[in-house]
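Residue strings, one per chain:
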Amino acid sequence: MSTVVVEAISAPQIRSRLFEALDIYVAAMGYPRGTEHHRAPMWAEHILRDGWRAVGAFLTDDPTAPPPSTAPLVGIAYGYRGAAHHWWDQQVRQGLVATGVESAQVETVLGDYFELTELHVHPQAQGRGIGEALLRELLTDRPEQGVLLSTPEVSEEDNRAWHLYRRLGFTDVLRHFVFVGDHRPFAVLGHALPLDGTAPAGHS
Ligand SMILES: CC(C)(COP(=O)(O)OP(=O)(O)OC[C@H]1O[C@@H](n2cnc3c(N)ncnc32)[C@H](O)[C@@H]1OP(=O)(O)O)[C@@H](O)C(=O)NCCC(=O)NCCS
């Protein structure tokens, strides 16, 4: 019987399986088919960023051995070291300033963090702890002081992403924030690293 193993994915591996990973993203987010073609160049560029790391959840028949390179993917997560020249960082910085956060505090929040950019589990594999396993593996032994992510606001914080982040202790950095080019409000959430540690100043 197949089981799921969470493992690091190298840059060459993800390049060769980019559209398989993007299919999971499109299915998990419920986006229209074709979205993957818009996202592919972005994901490919992200691989080149400082501190990039990815993990995958693979279906395999032997959980004691590394999954074969052909093992089907059912989940994907990646991120990289946040940097002031990144668009996402600049957006969050502006959002914090606009809400009256002092510049010293902004530096505390954005000074040294890992940006969790994508985390997706195929809908047929959700609700089995795979999302949590991906997140924990991705954030193991990171050199940064904290992790930041953005996720769409949903009523009552009632979806699997929110449940997962809250269960792991992620706290609010910015709420109801609208990124340039997107009409949806997002929350930016943060957590100190390692994950089981306490939240740093600014991640209140
Ligand atoms: C968010 C997401 C990555 C979480 O992945 P997941 O594998 O479904 O997450 P988990 O299984 O770890 O947690 C989901 C639920 O399964 C439950 N669960 C955890 N371990 C379990 C296990 N071993 N057996 C059964 N259920 C389990 C959890 O309690 C949790 O329940 P809850 O949502 O009611 O709180 C996934 O649901 C997803 O891809 N969602 C759509 C895309 C998305 O929103 N991505 C994040 C954007 S920021």
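Residues numbered from 1 in each chain as written. Predicted model: local features only at pLDDT ≥ 70, side-chain atom pairs only at ≥ 80, totals over all residues. Heavy atoms only, no water.

### Section: the environment of G190
Thinking step 1. Turning to its location among the elements, G190 is positioned in strand β7 (residues 185-192).
Thinking step 2. A relative accessible area of 0% means that G190 is categorised as buried. (Helix = DSSP H or I, 4+ residues; strand = E, 2+ residues; numbered from the N terminus. Buried < 20%, exposed > 50% of the residue type's maximum accessible area, 1.4 Å probe, protein only.)

### Notes on the pattern of salt bridges
Thinking step 1. Within the structure shown, the criterion is met by 19 salt bridges.
Thinking step 2. In this structure, E20 engages R17 in a salt bridge whose closest nitrogen and oxygen atoms are separated by 2.8 Å.
Thinking step 3. In this structure E20 comes out as partly exposed when scored by relative accessible area, which is 29%.
Thinking step 4. Across the pair R175 and E157 runs a salt bridge, and its minimum N-O distance is 3.1 Å. Note that R175 is positioned in strand β6 (residues 171-178) and E157 in the loop between β5 (146-152) and α7 (160-167), a separation of 18 residues in sequence.
Thinking step 5. On the basis of relative accessibility, which here comes to 26%, the residue R175 falls in the partly exposed class. (Salt bridge = Lys/Arg side-chain N within 4 Å of Asp/Glu carboxyl O.)

### What to know about the UniProt feature "domain: N-acetyltransferase" (unreviewed entry) in the protein
Thinking step 1. As recorded in UniProt, the feature "domain: N-acetyltransferase" (unreviewed entry) lies at residues 60-196.
Thinking step 2. Counting secondary structure, residues 60-196 comes out at 28% helix and 31% strand; the distance between its end C-alpha atoms is 29 Å. (UniProt positions renumbered as here; feature names shortened; annotations may be inferred.)

### Thoughts on the layout of surface pockets
Thinking step 1. Volume-wise, the largest pocket comes out at about 1300 Å³.
Thinking step 2. In terms of lining, the largest pocket is formed by 45 residues, of which the most central are M29, T117, E118, H120 and S150.
Thinking step 3. Residue contributions to the lining of the largest pocket peak at seven residues, all from strand β4 (residues 113-121).
Thinking step 4. Per-class residue counts for the lining of the largest pocket are 21 nonpolar, 14 polar and 10 charged. (1 Å grid on protein atoms, 1.4 Å probe; cavity = no way out; pocket = protein on both sides within 12 Å on 5 of 7 lines; lining within 4 Å. Points joined across faces, edges and corners; volume = space filled by probe spheres on them. Nonpolar A, V, L, I, M, F, W, Y, C, P; charged D, E, K, R; others polar.)

### Here's the deal with the nonpolar core
Thinking step 1. If you look at the biggest cluster of nonpolar residues, it comprises 25 residues, and the most contacted ones within it are L134, L135, Y165 and F170.
Thinking step 2. Elements represented by at least two residues in this core include exactly β2 (53-60), β3 (73-81), β4, α6 (130-139), β5, α7 and β7.
Thinking step 3. With five residues, α6 is the largest single contributor of residues to this core.
Thinking step 4. For Y165, the residues in contact, after removing those within four places along its chain, are L116, L119, L135, L149, T151, F170 and L189.
Thinking step 5. Grouped together as the second largest cluster of nonpolar side chains are 20 residues, A21, L22, I24 and W43 included. (Core = buried A, V, L, I, M, F, W, Y, C linked by side-chain atoms within 4.5 Å. Contact = heavy atoms within 4.5 Å.)

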